[in-house]
Amino acid sequence: MLKGAIFDMDGLLLDTERLYCQGWIEAAKAFRQPILAEFPRAVCGSGGKKMLDIVHEHYPEVDAAAFRDYCLHWVEDRLQREIPEKPGTREILCFFHEHDVKLAVASSTRLDAIKDSLGRLGVLPLFDAVVSGQQVEHGKPAPDIFLLAAEKIGCAPDECYVFEDSANGIRAGVAAGCRTIMIPDLIEPDAELRSLADDIYGSLSEVMEAVLEGKI
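Residues numbered from 1 in each chain as written. Predicted model: local features only at pLDDT ≥ 70, side-chain atom pairs only at ≥ 80, totals over all residues. Heavy atoms only, no water.

Trainee: Describe the overall build of the protein chain, listing the residues and the values that go with them.
Mentor: Helix and strand counts for the protein chain come out as ten helices and six strands. Compactness check: the protein chain gives a C-alpha radius of gyration of 16 Å against a globular reference of 17 Å for 216 residues, within 12% of the reference. Taken along the three principal axes of its C-alpha coordinates, the protein chain extends 50 × 35 × 30 Å. Expressed as a percentage of the 216 residues in the protein chain, the buried residues total 54%. In the protein chain, the proportion of contacts linking residues at least 24 apart, taken out of those at least 6 apart, comes to 65%. In the structure as shown, the protein chain presents an accessible area of about 9,600 Å², 49% of it carried by carbon and sulfur atoms. Here the protein chain contributes 22 positively and 37 negatively charged side chains, and the mean placements of these two sets differ by 3 Å. (Helix = DSSP H or I, 4+ residues; strand = E, 2+ residues; numbered from the N terminus. Rg over C-alpha atoms; globule rule 2.2 N^0.38 Å. Buried < 20%, exposed > 50% of the residue type's maximum accessible area, 1.4 Å probe, protein only. Contact = heavy atoms within 4.5 Å. Areas by Shrake-Rupley, 256 points an atom, 1.4 Å probe, with all protein chains shown as cover. Lys, Arg positive; Asp, Glu negative; His and termini not counted. Charge placed at Lys NZ, Arg CZ, Asp CG, Glu CD.)

Trainee: Now, about the pairing of strand β1 (residues 4-7): what can you tell me, with residues and values included?
Mentor: Each regular strand displays side chains that alternate between the two surfaces of the sheet. Residues of β1 alternate between two faces, with Gly4 and Ile6 on one and Ala5 and Phe7 on the opposite face, all of them buried. Summarising the sheet, β1 and strand β4 (residues 160-164) pair through four bridges and their orientation is parallel. By the bridge assignment for β4, alanine 5 is matched with tyrosine 161. (Pairing = 2+ DSSP bridges.)

Trainee: Account for the pattern of salt bridges, with residues named and values stated.
Mentor: Counting across every chain of the model gives 20 salt bridges. Close ionic contact of aspartate 69 with arginine 68 constitutes a salt bridge, the shortest N to O distance being 3.0 Å. Taking relative accessible area as the criterion, aspartate 69 reaches 28% and is therefore assigned partly exposed. Glutamate 164 is paired through a salt bridge with lysine 140; the nearest N and O atoms lie 2.6 Å apart. You can see glutamate 164 sitting in strand β4 and its partner lysine 140 sitting in the loop between β3 (129-132) and α7 (144-152), a full 24 residues away along the chain. Lysine 140 matches glutamate 164 in its accessibility class, with the two residues each being buried. (Salt bridge = Lys/Arg side-chain N within 4 Å of Asp/Glu carboxyl O.)

Trainee: Please set out the environment of leucine 196 residue by residue, giving values where relevant.
Mentor: Within the element layout of this structure, leucine 196 appears in helix α9 (residues 191-196). Given the relative accessible area of 28%, leucine 196 is considered partly exposed. Measuring from C-alpha to C-alpha, the distance between leucine 196 and methionine 182 comes to 9.5 Å, with 14 residues separating the pair along the chain.

Trainee: I'd like to hear about the nonpolar core, residue by residue, with values.
Mentor: If you look at the biggest cluster of nonpolar residues, it comprises 50 residues, and the most contacted ones within it are Phe7, Leu13, Phe96, Phe127 and Phe163. Here this core takes seven residues from helix α4 (residues 64-79), the largest share from any one element. The residues touching phenylalanine 163, leaving out its near neighbours within four places in the chain, are Ala5, Ile6, Phe7, Asp8, Leu12, Phe96, Ile181, Ile183 and Val207. Formed by 18 residues, the second largest nonpolar core is a distinct cluster that contains Ala104, Ala106, Phe146 and Val162. (Core = buried A, V, L, I, M, F, W, Y, C linked by side-chain atoms within 4.5 Å.)

None of this, on its own, says anything about what the molecule does.
In structure tokens:
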């Protein structure tokens, strides 16, 4: 077992990617733009300037920051009503915490929104560090956020697991030099992701079983 574990949040710990997909649709409607089927996949897991670049690429006529903010506020409004937890979230976080594995969350979401969601879920105290895409210059798929998370928990990148559901997150974890494990959510791994990820599991519950069996 490695010394550190870094978790993405949306689509990994929280079952929120479907909300984001709907949020992008609502943004497109509000800005009188076409609903592009490929856009949610392209933007999934990105953050910072990279997210804005993807928005601009697909919707060149809109203010990318305003378009992004509309989606984020739409999602955050719904999360005030309920925090949907992914299967195995609480079990694996508690297990790692009890076995002195340092824990970090590294999400493209705003820092206050991360803390609010995890706090309301009751798992925030388990984390040794919380890192937001706001705190790094380059968002996923750049490795910056995972390198900062590893630094904050006092581990070398190669001493850390990265658990991710998105293509951009997998690329970022691999680029950081972490042991990168994919738990697909809305996006099934293609040939590229299968070649990049160290392991692929169907859920965090399956990851928990693999840890107990000494497979990872």
